[in-house]
Amino acid sequence: MLSSLRKWKQLSRLQRSLVLFLLALLLIFGLLTYPSVTQQWRGWSDREDLLELNDRDVTDLPRGVKSILDDAAGKAPPPAAGPHVRPAVEPDAAAGAVVEPKGPNVPILPKPPIKKKNSPNKRGPPSLQKDGNTSDTVRAEKQVQEVVQEEVAGEEEDKDKKIVSWRGAMIEADQATEPPPSAIVGDAAPPPGPANPADTVPPEVPTGTVDRLEAVCDAFRHAWKGYKDYAWGHDELRPISRSFGEWFGLGLTLIDSLDTMWILGLKEEFAEARDWVEKELSFDKNVDVNLFETTIRVLGGLLSTFHLTGDRLFLEKAKDLGSRLMPAFKTPSKIPFSDVNIGKGTAHPPRWTSDSTLAEVTSIQLEFRELSRLTQDPQYQEVVNEVMKLVHKLPGKQDGLVPMFINTNTGQFTHKGVFTLGARADSYYEYLLKQWIQGGKTEDDLLEDYLQAVDGVRKHLVRQTGPSKLTFVGELSHSRFNPKMDHLVCFLPGTLALGAHNGLPGDHMDLAVQLMETCHQMYKQMETGLSPEIVHFNLQANDGNDVVVKPADRHNLLRPETVESLFYMYRFTKDTKYRDWGWEILQSFNNYTKVPGGGYTSINNVRDPLNPGPRDKMESFFLGETLKYFYLLFSDDPELLSLDKYVFNTEAHVLPIWPSAPK
Ligand code: DMJ
């Protein structure tokens, strides 16, 4: 300090004035740019999430659509919802015809368990506070403090209600519908049940699953409450800061959730959301959207909701969106660009490459094909079928395995020699099988590519761990095997089981059973009971753990893939262990990701139950997929979205299986 002062004194007057002038300039510049800098931080932070989350997504920055809707507070009460009914648009309606929806009057979906009371605010673990995220505003931090204070106060009040539960985490008695026998201590009250179950449980939902179905509905209501209170009409809830995040500005969470609400029988919530779609949802806006994400979440969500409800509002919106996505396909190779401006009708690749991600261009087919069938306008199916034809003939595959990128100018694979079933390639494999099923099992190229790929997976990517012989799917990089598996790969047991159910080789089912066990272990072996985003498996026979998690891979984004596969495995085997595994996962989500006041959050560290490190983001797929698959897993009704009548798109939206081959 003294020496600085001395140096300062040694400067000439001119030098001192110059330094002071520069400092003043810096200060003014700092003040002027402060808002835009913080906004940019926000953007970067969103983008980091996006890259991590969307995996396969090298697309553009989330666009700053800072628009839209006012807060839900003060909105008029919702109109009464339609009855909870079977899909209004029959899956076997004639191919190519626009189906006149049947009246929603033939109950077949089971009613959800009736909620007896409003649950008090549920609490996450004590450490469910946000730690250092540069994108947070001071206001947000204050709110976090308030949340924590509320929580502490609430904890005092609620002490009596608590029981010690699973893995030592404290949960509320009414949350613990099925505590493990060893978990209840002292004189804690048993979980309250309905005084007379017959009064509250619809007869078609057999006892035994009711508690679990109700727990899913509770979780959905809690997530929805956060979204409604703090993010209504926006893309994603930031539950800790009680704010929202915008990606495309299309109400992603709301649209992703529509069919889930319908299936869960949440009529009021559905009606209110429908009202928003009718009055507020507009695609006529100058915004760049990602073709894949918008197709699977928004187009898929609208088509699915149309099928379930028969409400043409959703079909009209789907048509409008579908036509606005079409410019993406105007490329030299007919491989679509990743980004489309749905207002301007222009499209482009990400800024730094002319490549598209393989999974993205090959996982939009179910939706576009269905849109053509419903509208009798072939343009949608033509563009996506063309992509499949090109990829089918393309050199650069290895025994059916495909590279992760494809160039929009040349139509050739790029970054060859790297093969994964995880990020950027995953749903290519899923959609081969599901398109084949959607089209009535008539499109042989799809089947051929799928069967070849499963053989390729077996040959190059499947291995077993040294210690417990867990079967897993690793990655291949220029002939070098890497024992790394993304959680995303956990879609595979479900897809393999679906193939076997549709007559494909029985050994696909054997592999499904083994991989399902591994995905289960990816949850079970973590201290929070939640899987990390990526695991590495141990190939050494004599050495410790099967699963190794690197510090950078310890986050959990509320992803659905394991629950999705558990649903398929239960449907096809009726082995109740799959339900029990799912039940444990739901409790872990409740214990470590549930945010007081509403919403669930992604977390940073599944290995630290005392400080899981909430990330302040609830992905739309938590409501669109994860909770829907939980509900279907726990439902006893195989006719609830029968897998012989519907295919689920990669965002868990239901589309009918066609009665005859596509033209
Ligand atoms: C979802 O958007 C879809 O399931 C997609 O196929 C993969 N990523 C997320 C969920 O993890």
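About the thresholds
Residues numbered from 1 in each chain as written. Predicted model: local features only at pLDDT ≥ 70, side-chain atom pairs only at ≥ 80, totals over all residues. Heavy atoms only, no water. Helix = DSSP H or I, 4+ residues; strand = E, 2+ residues; numbered from the N terminus. Buried < 20%, exposed > 50% of the residue type's maximum accessible area, 1.4 Å probe, protein only. Contact = heavy atoms within 4.5 Å. Areas by Shrake-Rupley, 256 points an atom, 1.4 Å probe, with all protein chains shown as cover. Pairing = 2+ DSSP bridges. Phe/Tyr/Trp six-rings, centres within 6.5 Å; stacked < 30°, edge-to-face > 60°. Lys NZ or Arg CZ within 6 Å of the ring centre and 35° of its normal. Near = heavy atom within 4 Å. Polar contact = N/O pair within 3.5 Å; in protein donor to acceptor, adjacent residues only side chain to side chain. UniProt positions renumbered as here; feature names shortened; annotations may be inferred. Axes fitted to C-alpha atoms, helices over the stretch in contact; angles between N-to-C directions. Left-handed = near helix turned anticlockwise from the far one by under 90°. Nonpolar A, V, L, I, M, F, W, Y, C, P; charged D, E, K, R; others polar. Expected span 1.5 Å × (residues − 1). Bend = angle between axes of the 7 residues up to and from the residue. Disulfide = S-S within 2.5 Å. Core = buried A, V, L, I, M, F, W, Y, C linked by side-chain atoms within 4.5 Å.

Observations concerning the overall build of the protein chain
Across its full length, the protein chain carries 19 helices and 20 strands. Residues counted as buried form 60% of the 663 residues belonging to the protein chain. Taking the intrachain contacts of the protein chain between residues at least 6 apart in sequence as the baseline, contacts between residues at least 24 apart amount to 71%. If you sum the accessible surface of the protein chain, you get close to 25,900 Å²; carbon and sulfur atoms cover 55% of it.

Quick notes on the sheet that holds strand E10 (residues 413-414)
Strand order across the open sheet formed by 3 strands is E8-E9-E10, with antiparallel pairing between neighbours. On the outer flanks of this sheet lie strand E8 (355-357) and E10, each paired with one strand and no other. Sheet topology places E8 next to strand E9 (residues 405-407); 3 bridges connect them, and they run antiparallel. Considered in E9, the bridge of Ser-356 is made with Ile-406.

Some details on the packing of aromatic side chains
Enumeration according to the criterion identifies 23 aromatic pairs in this entry. When the centroid spacing of 5.4 Å and the interplanar angle of 90 degrees are considered together, the rings of Tyr-578 and Trp-581 count as edge-to-face. With Tyr-578 and Trp-581 both in helix H18 (residues 577-592), this residue pair falls 3 residues apart, about one helical turn. Exposure remark for Tyr-578: the relative accessible area of 2% places this residue in the buried category. Each residue in the set Trp-583, Phe-589, Tyr-600, Phe-622, Phe-630 and Phe-634 is aromatic and connected to the rest through ring pairs, giving one cluster. The ring centre of Phe-481 lies 4.1 Å from the NZ or CZ of Arg-463, which sits over that ring. Sitting over the ring of Tyr-570, Lys-574 keeps its end group 5.2 Å from the ring centre.

Thoughts on the site of the ligand
Around the ligand, 11 residues are found, and the nearest of them are Arg-559, Glu-561, Glu-625, Thr-650 and Glu-651. One of the side-chain N or O atoms of Glu-561 is found 2.7 Å from an oxygen atom in the ligand. One of the side-chain N or O atoms of Glu-625 is found 2.7 Å from an oxygen atom in the ligand. Bound to the protein, the ligand loses 98% of the 290 Å² it would expose on its own.

Re the UniProt feature "active site" (unreviewed entry) in the protein chain
UniProt feature "active site" (unreviewed entry): in the numbering of this structure it lies at Glu-293, Asp-426, Glu-533 and Glu-561. In this fold, Asp-426 is placed in helix H13 (residues 426-438). In this fold, Glu-533 is placed in the loop between helix H16 (506-524) and strand E17 (534-537). Residue Glu-533 is classed as buried on the basis of its relative accessible area, which comes to 7%.

Some remarks on the packing of helix H5 (residues 210-230) against H18
Between H5 and H18, whose axes approach to 11 Å, the crossing angle comes to 35 degrees. Every pair of crossing elements has a handedness; the one defined by H5 and H18 is left-handed. Taken together, the residues of H18 that come into contact with H5 (itself represented by Arg-212, Ala-215, Val-216 and Ala-219) are Arg-579, Asp-580, Trp-583 and Leu-586. Residues belonging to the contact of H5 with H18 are distributed by class as follows: 5 nonpolar, no polar and 3 charged.

Here we look at the environment of Thr-576
Residue placement: Thr-576 occurs in the loop between helix H17 (561-573) and H18. What makes Thr-576 partly exposed here is its relative accessible area of 45%. When the C-alpha positions of Thr-576 and Leu-633 are compared, they lie 9.8 Å apart, and in sequence the two are 57 residues distant.

Here's the deal with helix H6 (residues 252-264)
Think of an α-helix as 3.6 residues a turn; residues three or four steps apart then line up on the same face. Taking 1.5 Å per residue as the helical rise, H6 with its 13 residues ought to reach 18 Å, and the 19 Å between its terminal C-alpha atoms agrees with that figure. Of all the bends in H6, the greatest, near 40 degrees, is centred on Leu-258. Buried residues dominate H6, accounting for 13 of its 13 residues.

A look at the state of the cysteines
This structure, assessed with the given rule, holds 1 disulfide. Here Cys-490 pairs with Cys-519 through a disulfide, and the sulfurs are 2.1 Å apart. Note on the Cys-490 and Cys-519 pair: the S-S dihedral is about -100 degrees, so by sign convention the disulfide is left-handed. Residue Cys-490 is located in the loop between strand E16 (484-486) and helix H15 (492-501), and its partner Cys-519 is located in helix H16; the two are separated by 29 residues in the primary sequence.

What about the sheet that holds E16?
If you walk across this open sheet you meet the 3 strands as E16-E17-E18, and the pairing is antiparallel. Looking at the sheet topology across the chains shown, the edges are occupied by E16 and strand E18 (547-548). Here 2 bridges tie E17 to E18, and the two strands are oriented antiparallel to one another. Across the sheet, His-536 pairs through a bridge with Val-548, a residue of E18.

Here's the deal with the nonpolar core
Core analysis: the largest hydrophobic core is formed by 155 residues, its most contacted members being Leu-254, Phe-329, Phe-368, Leu-421, Val-473 and Met-485. With near-sequence residues (within four places) excluded, Leu-254 lies in contact with Trp-224, Tyr-227, Trp-232, Ala-273, Trp-276 and Val-277.

As for the side chain of Thr-294
If you trace the backbone, Thr-294 turns up in helix H8 (residues 291-309). Since its relative accessible area comes to 0%, Thr-294 is described here as buried. Look past the residues within four positions of Thr-294 in its chain and what remains in contact with it is Phe-248, Leu-250, Val-289, Leu-299, Leu-321 and Leu-325.

A word on the side chain of Lys-434
Examined against the element boundaries, Lys-434 turns out to sit in helix H13. For Lys-434, a relative accessible area of 1% corresponds to the buried category. Looking at Lys-434, its side chain comes within polar contact range of the side chain of Glu-430, at 2.8 Å. Residues within four places of Lys-434 in sequence aside, it is in contact with Leu-366, Leu-498, Glu-564, Tyr-568, Val-647, Phe-648 and Asn-649.

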